[in-house]
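Spelled out, the chains give:
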Amino acid sequence: MNRFSRRELLKGSLALGVSALLPGPVFSRPAKAEGGRPLVVQVHGSPEAALEILLRELGGIERFVKKGSTVLLKPNMSFPNPPEMATTTDPRIVRALAENCLKAGAKRVFVADHPLRSVPLCLEKTGMQEACAGLKGVHLLGASEEGMFEPVPLSGTRELKEVRVLRALLQSDLLINLPRMKSHGATTVSLGTKGAMGLIWDRKSFHGRMDLDQAIGDLNTVIRAALTILDGTRVLTAGGPLGPGPVEELGCLIGGTDPVAVDAVGVSKARWYGKVISPVEVGHLVACHERGLGEIDLDRIDLVFREVPPS
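Summary of the structure given here. This structure is a prediction, so every number in the text was calculated from the model and none was measured. (Residues numbered from 1 in each chain as written. Predicted model: local features only at pLDDT ≥ 70, side-chain atom pairs only at ≥ 80, totals over all residues. Heavy atoms only, no water.)

A short note on the pairing of strand 12 (residues 252-256)
The cut-off we apply is this: Relative accessibility decides the category of a residue: with a 1.4 Å probe and only protein chains considered, values under 20% of the type maximum give buried, values over 50% give exposed, and everything between is partly exposed. Labels follow the DSSP assignment, with helices taken as runs of H or I lasting at least four residues and strands as runs of E lasting at least two, numbered in each case from the N terminus. Being paired, for any two strands, means DSSP has found at least two bridges between them.
Here strand 12 lies mainly inside the structure; five of its five residues are buried. Neither face of strand 12 is left uncovered, since the one carrying C252, I254 and G256 and the one carrying L253 and G255 both have all their residues buried. Relative to strand 12, strand 10 (residues 227-236) runs antiparallel, the two being bridged by five bridges. Opposite G232, over in strand 12, you have C252 as the bridge partner.

A few points about the environment of L175
Position of L175 among the secondary structure elements: in strand 7 (residues 174-178). Placed 49 residues apart in sequence, L175 and R224 show a C-alpha to C-alpha distance of 7.4 Å.

Focus on the nonpolar core
Put simply, the rule reads: Throughout this description, the term nonpolar core refers to a set of buried Ala, Val, Leu, Ile, Met, Phe, Trp, Tyr and Cys residues connected via side-chain atoms within 4.5 Å. Only heavy atoms matter for contacts: two residues are in contact if any of them lie within 4.5 Å across the pair.
The biggest cluster of nonpolar side chains holds 39 residues, and the ones touching the most others in it are V65, L73, L97, C101, I176 and I229. Top contributing element to this core by residue count: helix 4 (residues 91-103), with six residues. The contact partners of I176, leaving out residues within four places of it in the chain, are V71, L72, L73, K74, L97, C101 and L227. The next biggest cluster of nonpolar side chains, apart from the first, holds 28 residues, and it includes L141, L212, I216 and L219.

Notes on the pattern of salt bridges
Test applied: Whenever a carboxyl oxygen of Asp or Glu lies within 4 Å of a side-chain nitrogen of Lys or Arg, that contact is scored as a salt bridge.
Per the stated rule, a full pass over the model turns up 13 salt bridges. Linking D202 and R209 is a salt bridge whose minimum nitrogen-to-oxygen distance equals 3.9 Å. Residue classification places D202 among the partly exposed residues on the basis of a relative accessible area of 34%. Exposure remark for R209: the relative accessible area of 65% places this residue in the exposed category.

Things to note about the side chain of S69
The condition that has to hold: In protein, a polar contact requires one atom able to donate a hydrogen and another able to accept it; more generally it is a pair of N or O atoms within 3.5 Å, and residues adjacent in sequence count only if both atoms are side-chain atoms.
Along the chain, S69 turns up in the loop between helix 3 (47-57) and strand 2 (70-75). Relative accessible area serves as the criterion here: at 5%, S69 is assigned to the buried category. At 2.6 Å, the side chain of S69 and the backbone oxygen of K66 are in polar contact. With sequence-adjacent residues up to four places away left out, S69 is seen in contact with G105, A106, K107, R108 and D173.

Section: the packing of helix 3 against helix 4
So the rule is basically this: Simply put, an axis is a line fit to the C-alpha atoms, just over the touching stretch for a helix, and the angle between two N-to-C directions goes from 0 to 180 degrees. Should an angle fall under 35 degrees it is called roughly parallel, over 145 degrees roughly antiparallel, and 65 to 115 degrees roughly perpendicular, with every other angle called oblique. Left-handed describes a crossing whose near helix is turned anticlockwise from the far helix by less than a right angle; the clockwise case is right-handed. Ten residue types, Ala, Val, Leu, Ile, Met, Phe, Trp, Tyr, Cys and Pro, are classed as nonpolar, four, Asp, Glu, Lys and Arg, as charged, and the remainder, Gly among them, as polar.
It is at 9 Å that the axes of helix 3 and helix 4 come closest, and there the two elements cross at 45 degrees. For the element pair helix 3 / helix 4, the angle class is oblique. Like other packed secondary-structure pairs, helix 3 and helix 4 cross with a definite hand, here right-handed. Contacts from P47, E48, L51, E52 and L55 of helix 3 reach helix 4 at R92, I93, A96, L97 and N100. Class assignment for the residues of the contact of helix 3 with helix 4 results in six nonpolar, one polar and three charged.

Focus: helix 11 (residues 259-268)
The buried fraction of helix 11 amounts to nine of the 10 residues, a majority that puts the element mostly inside the structure. Turning to helix 11, its buried residues number three or more, namely P259, V260, A261, V262, D263, A264, V265, G266 and V267. At the N-terminal end of helix 11, a side-chain oxygen is found 3.0 Å from the backbone nitrogen of V260, two or three residues along, and the residue is D258.

With respect to helix 4
Basically, it comes down to this: Every helix has an expected span of 1.5 Å times one less than the residues it contains.
With 13 residues, helix 4 should reach 18 Å at 1.5 Å per residue; the first-to-last C-alpha distance of 18 Å fits that figure. Listed as buried for helix 4 are P91, I93, V94, A96, L97, A98, N100 and C101. Phi turns positive, to about 110 degrees, at G105, one or two residues after helix 4.

Description of the packing of aromatic side chains
Each aromatic ring pair is described using two quantities: the centre-to-centre distance and the angle formed by the ring planes. Heads up, the condition is: Pairs were defined over the aromatic rings of Phe, Tyr and Trp, the Trp ring being its six-membered one, requiring ring centres within 6.5 Å. Orientation was assigned from the angle between planes: stacked under 30 degrees, edge-to-face over 60, tilted for the rest.
As enumerated under the stated definition, the model contains one aromatic pair in all. Aromatic side chains F149 and W201 sit 5.5 Å apart centroid to centroid with 50 degrees between the ring planes, which places their arrangement in the tilted category. Within this pair, whereas F149 is found in strand 5 (residues 149-153), its partner W201 is found in the loop between helix 8 (192-195) and helix 9 (204-208), the two being separated by 52 residues in sequence. With a relative accessible area of 1%, F149 lands in the buried category.

Here's what the structure looks like:
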């Protein structure tokens, strides 16, 4: 069943991200510490084991995924690069999370991104094709055709008035964002909020005709992940988004239900272009915060550290 029908979107009664992809009746409220502060969890260790601990700290995968639901996992897989280059999401994380969704009762799991290079090469070289092989109910989508996207009108935004959104997202009950932590020449960093651009068709207009930071802020009012998990196993600290560039091995995952808070913590964990950068120096994070989409002040975020126990 199409949870986010075009008619509902046009009526404005079920905005794509604001009421449908934000925590609501499909799953429980965002993880917050006492006082309503957003909770972000950072776990060090092997990707699969770190994912299990992170999900447990956030209330378990069942808190998000309900039986019979459709889930869209959005990794970075837009370049035909292996995970060692830190430009695409580690496929081990994608497979482990897809398996968790299926165990929780998901009927269908999309693994989708809008590749910037040859789709077959991207799916092969990133390791996503192999990672998703044999998982019944998991559908790997390299969304490179315009017919795979549908127009969604926006209102009250600064740059975007309409955006063509991946139809598979409109057919989903839940969005989980799985971005690689990496640098970006136009936006300083590319994490979760910037990664929402991988679910739309026309990205050139963002770079050419609009204020890019404000357009990303607008986009995140309609595409909002219920859960964001940053792949910080390796971080591309310069030369992004395509690479090659210097790679820092952080060996961690960072996750939470406030996408702005998760990105803010992620920004603070690496040296970008050889220096420390504050979240308030990242224009699109400021734009998202100004729209009330999440917390950017690190002093107002509760960060929990965990480590995978030695085997």
